[in-house]
Amino acid sequence: MTSSFPNVSPAYRDFLAALPKAELHLHIEGTLTPEMKWQLAGRNGVSLPYASIDEMRAAQNFEAPDAPGYLKKFIQHYNEGMLVLRTERDFYDITLSHLARCRDETVRYVEIMFDPQPHLMRGVPFEAFFAGMDEARRVGARDYGVESNFILCINRDLPLDTAHQALGAAAPFRDRIVGFGLDSVEDGNPPAKFTGLYDRARSEGYRLTAHCDVDQRDAVGHIHDCLNLLKVERIDHGINCIEDPALVDVLRERKICLTACPTWRPIDAMPRRVDRIRTMYDLGLKVTLNTDDPGLFLSGTLGTLLPPVAATGNFAPADMAAFMINAFEAAWLPADRRTRYVEEVRMFADSQASSLSSLS
Ligand SMILES: [Zn+2]
C-alpha cells in the first residue's frame, strides 16, 4: 500500500477496529496466504511452480485490472491453492487460522464458503475436509468467541453431475451446513443451468445464495434469474443491479442482501467498486462489505479492508456501523442471535457517539 492510498484518521481506524463486525462472503480456500500455501505444500510434498514465496506472490500480481480473462486467471491461482489442501488437519489449520484473525479484528460472526467439488475430485473425502473445518468452527467459538457457519458452494464451471454428487456427500452433515451457493466462472454457466440443483438444495432445507460476479456478460439478467429461477434470498456481489432501476426496487422491497467485495490487488490505486457500493448504499439496498479471498488480495481481511473503503467511499462511522448491521440482520442465524449482535453494534456506535460526530 503506497502512502497516497486513501485512508481514514487514526481515531476513525480505532473505531473500525473495535466495531463488532460480520462477514457473509468469504471463501475458506481463498484465505490461503502465499506463506500458508508454501508451508502446506512442504508439509504435503506438493511441488509448486515457484522457487520462492516471493516468486509465488509476484505471480499472483496479475498484470491488468479488469482485463479480459482476469477471472479465469484468478481462478487458476485459486485452484493451485486447492492442491496443497489435502488432509483434515490442513482444513482445520486454515479455518482456525482465519478465525484467529477474526478474533484479533473483532469480527464476531463469519459465514464461510467452501468448494467441495475440487476436493472430492482429487480424492479428499467430504468427511475429511468437513471434519477439519467443523472442528475449527467449534474451537473458534469456544476459545476465540467467534461464531461461524458454513455455505456449501458449487463451482458452476465443473460438470453438473459433480455438483449433485457434492450435495449428496454433504447429506450426513446437513445440520452443520447452513447455506448453499454458486461460484466460479459465470460466463457460459448462467443461473438457468442450475434450476434443478437449487430445487434440490431448497428441498433439503438449505438457505440459498449465488454469485453474480461484477461486470460479467448478462450480469443484470443473471441477478433477475437468480431471484426468479433459483429463488435465492441473497446475492453475492451483484453490484451491477444499479443499472436496472426496476431491479433495485425489487431488491430493496424484498430486503435482499448483496454481499459486495471492495477488494484490491497490489496493482490497484484504490479499493475497487466503491463508487458503485456507495450508490447501492445511498439507494437503500441491503449491501454488506466483504473480503471474498483475503489470502489472494492485498485488501486482506476486514481489519485491513474497511479503513481504505471508508475513506474512498466517504463513508462516515455511522455508515460503517450500518454496513455491519446489514450483515448481522442478513446472517443465517436464529432471530434472537441476530438481534443480539445488532444490539451490540448499536450500543458500540452509541457509546462512540461523541467521537463519531467529530469524525464525520
Ligand atoms: Zn466470492
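Residues numbered from 1 in each chain as written. Predicted model: local features only at pLDDT ≥ 70, side-chain atom pairs only at ≥ 80, totals over all residues. Heavy atoms only, no water.

The protein appears in an unreviewed UniProt entry as Adenosine deaminase from Pseudorhodoplanes sinuspersici. Per UniProt, the protein carries the Cofactor (unreviewed entry) text "Zn(2+)". (UniProt positions renumbered as here; feature names shortened; annotations may be inferred.)

S.K.: Whenever I open this one, the coordination of the zinc ion confuses me. Can you help?
M.R.: Each pair of donors in an ideal four-coordinate tetrahedral metal site encloses 109.5 degrees, whereas pairs in an ideal six-coordinate octahedral site enclose 90 or 180 degrees. Around the zinc ion, the protein contributes the donor atoms His25 (NE2), His27 (NE2), His211 (NE2) and Asp292 (OD), at 2.1 to 2.3 Å from the metal centre. Donor residues for the zinc ion sit on one chain with the sequence pattern H-x1-H-x183-H-x80-D. Within this pair, whereas His27 is found in strand S1 (residues 21–27), its partner His211 is found in strand S5 (residues 207–212), the two being separated by 184 residues in sequence. For the pair shown, His27 and His211 are each scored as buried. (Donors = N, O, S within 2.8 Å, 3.2 Å for Na, K, Ca; no water. Helix = DSSP H or I, 4+ residues; strand = E, 2+ residues; numbered from the N terminus. Buried < 20%, exposed > 50% of the residue type's maximum accessible area, 1.4 Å probe, protein only.)

S.K.: Help me understand the sheet that holds strand S3 (residues 147–155), please; the structure alone is not making it clear to me.
M.R.: The pairing of strands in a sheet comes from backbone hydrogen bonds and takes either a parallel or an antiparallel form. The strand order S1-S2-S3-S4-S5-S6-S7-S8 describes an open sheet built from eight strands, whose pairing is parallel. One side of each edge strand has no neighbouring strand; the edge strands of this open sheet are S1 and strand S8 (286–289). Sheet twist, expressed as the mean angle between neighbouring strand axes with direction ignored, is 25 degrees. The pairing of strand S6 (residues 234–237) with strand S7 (residues 257–260) spans three bridges and is parallel. Each bridged residue has a counterpart across the sheet, and for Arg234 the counterpart in S7 is Cys257. Here helix H12 (residues 274–282) sits on the sheet in contact with S7 and S8, set at roughly 140 degrees to S8. (Pairing = 2+ DSSP bridges. Axes fitted to C-alpha atoms, helices over the stretch in contact; angles between N-to-C directions. Contact = heavy atoms within 4.5 Å.)

S.K.: Honestly, the environment of Leu83 in this entry has me stumped. Any pointers?
M.R.: On the secondary structure map, Leu83 appears in the loop between helix H4 (70–82) and helix H5 (88–104). C-alpha of Leu83 to C-alpha of Ala322: the two residues are 239 residues apart in sequence and 38 Å apart in space. Here Leu83 is in contact with Val46 and Arg122, once residues within four sequence places are set aside.

S.K.: Would you mind showing me how to read empty space enclosed by the protein here?
M.R.: To locate leftover empty space, one rolls a probe as large as a water molecule over the atoms. Under the definition given, this model contains one cavity of 30 Å³ or more. Considering only enclosed or pocket space, the largest cavity measures out at about 30 Å³ in volume. Lining the largest cavity, in full, are Glu29, Leu32, Lys37, His77, Tyr78, Gly81 and Leu296. In terms of residue count, H4 provides more of the lining of the largest cavity than any other element does, three residues in total. When its residues are assigned to classes, the lining of the largest cavity shows three nonpolar, two polar and two charged. (1 Å grid on protein atoms, 1.4 Å probe; cavity = no way out; pocket = protein on both sides within 12 Å on 5 of 7 lines; lining within 4 Å. Points joined across faces, edges and corners; volume = space filled by probe spheres on them. Nonpolar A, V, L, I, M, F, W, Y, C, P; charged D, E, K, R; others polar.)

S.K.: I would appreciate a short explanation of the side chain of Thr301 in the present structure.
M.R.: As for its placement among the helices and strands, Thr301 is situated in the loop between S8 and helix H13 (302–312). Residue Thr301 is classed as buried on the basis of its relative accessible area, which comes to 10%. Separated by 2.6 Å, the side chains of Thr301 and Glu105 make a polar contact. Discounting residues that sit within four places of it in the chain, Thr301 has contacts with His98, Arg101, Glu105, Thr291 and Pro294. (Polar contact = N/O pair within 3.5 Å; in protein donor to acceptor, adjacent residues only side chain to side chain.)

S.K.: Just checking my understanding: could you explain the packing of aromatic side chains for this structure?
M.R.: The geometry of an aromatic ring pair comes down to the distance between the two centres and the angle between the two planes. For the coordinates displayed, the defined rule picks out 20 aromatic pairs. One aromatic cluster in this structure is built from Phe91, Phe114, Phe126, Phe129, Phe130, Phe150 and Phe173. Residue placement shows Arg174 over the ring face of Tyr206; its charged tip is 4.1 Å from the ring centre. Directly above the aromatic system of Trp332 lies the positively charged group of Arg234, at a separation of 3.8 Å from the ring centroid. (Phe/Tyr/Trp six-rings, centres within 6.5 Å; stacked < 30°, edge-to-face > 60°. Lys NZ or Arg CZ within 6 Å of the ring centre and 35° of its normal.)

S.K.: In this structure, what is going on with the packing of helix H8 (residues 160–170) against helix H9 (residues 195–203)? I would like to understand it.
M.R.: One way to put it is that H8 packs onto H9 with a least axis distance of 11 Å and a crossing angle of 5 degrees. Classified by the angle between their axes, H8 and H9 sit roughly parallel to one another. Of H9, the residues touching H8 (which contributes Leu160, Ala163, His164, Leu167 and Gly168) are Leu197, Arg200 and Ala201. Taken together, the residues of the contact of H8 with H9 break down into five nonpolar, two polar and one charged. (Parallel < 35°, antiparallel > 145°, perpendicular 65-115°, else oblique.)

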